[in-house]
Amino acid sequence: MNVFRTMLAEMKLSKIQIKAYLRDPQKFHKREREEFLAAESSDVVSMVNQVEIHKNAEVFEDVLSDWLEKRGIRFVRQKQLEIEQKEEFGSPVLTPDFLLLDSVIIDGISVHWIDCKAFYGCNLQFSIKKTKKQMTRYINHWGSGAIVYLQGFSEAIKIPNCVLLNAYGALDVDILSDLEGKNCLGLNQVATTVFE
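Residues numbered from 1 in each chain as written. Predicted model: local features only at pLDDT ≥ 70, side-chain atom pairs only at ≥ 80, totals over all residues. Heavy atoms only, no water.

### Quick word on the overall build of the chain
The secondary structure content of the chain amounts to seven helices and five strands. N-terminal to C-terminal, the α/β element order of the chain is α-α-α-α-β-α-β-β-α-β-β-α. Looking at the chain residue by residue over its 196 residues, the buried ones come to 39%. Long-range pairs, those at least 24 residues apart, make up 57% of the contacts in the chain with a sequence separation of at least 6. Accessible surface for the chain amounts to roughly 11,700 Å². Of this, 53% is attributable to carbon and sulfur atoms. (Helix = DSSP H or I, 4+ residues; strand = E, 2+ residues; numbered from the N terminus. Buried < 20%, exposed > 50% of the residue type's maximum accessible area, 1.4 Å probe, protein only. Contact = heavy atoms within 4.5 Å. Areas by Shrake-Rupley, 256 points an atom, 1.4 Å probe, with all protein chains shown as cover.)

Structure follows, in structure tokens:
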């Protein structure tokens, strides 16, 4: 999808136009619509329709929650942070998936928060820019933290004061494999629907 976005930008479409087209592919001419549907159905990194991945992301967060609890690490989850910040500020402001209440050191770095990403951490400018912006806000407020990627990450990614972790290094392999299988099943269902 990122390549497709770049192609649309080269066609001199504005960011607003690109977003509108991606939300409603019927606006494309026939060829661009076919290219869009093909790109979306095979892209697990930056699909436009990520409903199944979002469902599995919640399960992934629950798995990490259980892992932290079993190790006696206290934390506040994103949903609770949203409630607290909504009461205090009127809307959620900074909501990592886990705000750690206990001291945790990973690879020599003190980790104050953890964010889960239920996908592969690719080293694409669009994706990295968005992730760095989000993590910098957490770092500026709470200090250093960590991102746990379900499907691994490119070692070329560097985010200062942020430890990058592969979920397969610590979490239950059977549960993670099941989650990845569900992600693939969801993607295959999307592809089947698109091309029927």
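### Focus: the pattern of salt bridges
Should their charged atoms come close, side chains of opposite charge can pair. Counted by the stated rule, this structure contains five salt bridges. Between Asp62 and Arg77 there is a salt bridge whose closest N-O contact spans 3.0 Å. Here Asp62, found in helix H4 (residues 51-70), pairs with Arg77, found in strand E1 (residues 75-77); they are 15 residues apart in sequence, far enough to count as distant. Classification of Asp62 by relative accessible area gives partly exposed; the value is 35%. Given a relative accessible area of 25%, Arg77 falls into the partly exposed group. Here Lys117 and Asp115 are joined by a salt bridge, their closest N and O atoms 3.1 Å apart. Of the two residues, Lys117 and Asp115, both sit in the buried class. In this structure, a network of salt bridges that share partners links the residues Glu61, Asp62 and Arg77. (Salt bridge = Lys/Arg side-chain N within 4 Å of Asp/Glu carboxyl O.)

### What to know about unusual backbone geometry
Of all residues except glycine, most have a negative phi; of all peptide bonds, most are trans. The backbone phi angle of Lys12 is positive, close to 70°, even though this residue is not glycine. Residue position: Lys12 is located in the loop between helix H1 (2-10) and helix H2 (15-23). With phi around 65°, Asn161 is a residue other than glycine that occupies positive phi space. If you trace the backbone, Asn161 turns up in the loop between strand E4 (145-149) and strand E5 (162-166). Look at Asn161 and you get partly exposed, because its relative accessible area is 47%.

### Remarks on a positive patch on the surface
On the surface, a cluster of positive charge is made up of Lys15, Lys19, Arg23, Lys129, Lys130, Lys133 and Arg137. For the positive patch, the elements supplying multiple residues, two or more each, are H2 and helix H6 (125-142). In terms of residues, the positive patch owes the most to one element, H6, which gives four residues. Locating Lys129 in the fold gives a position in helix H6. (Patch = residues over 30% accessible without salt bridge, like charges linked within 9 Å, V, L, I, M, F, W, Y side chains within 5 Å. Lys, Arg positive; Asp, Glu negative; His and termini not counted. Charge placed at Lys NZ, Arg CZ, Asp CG, Glu CD.)

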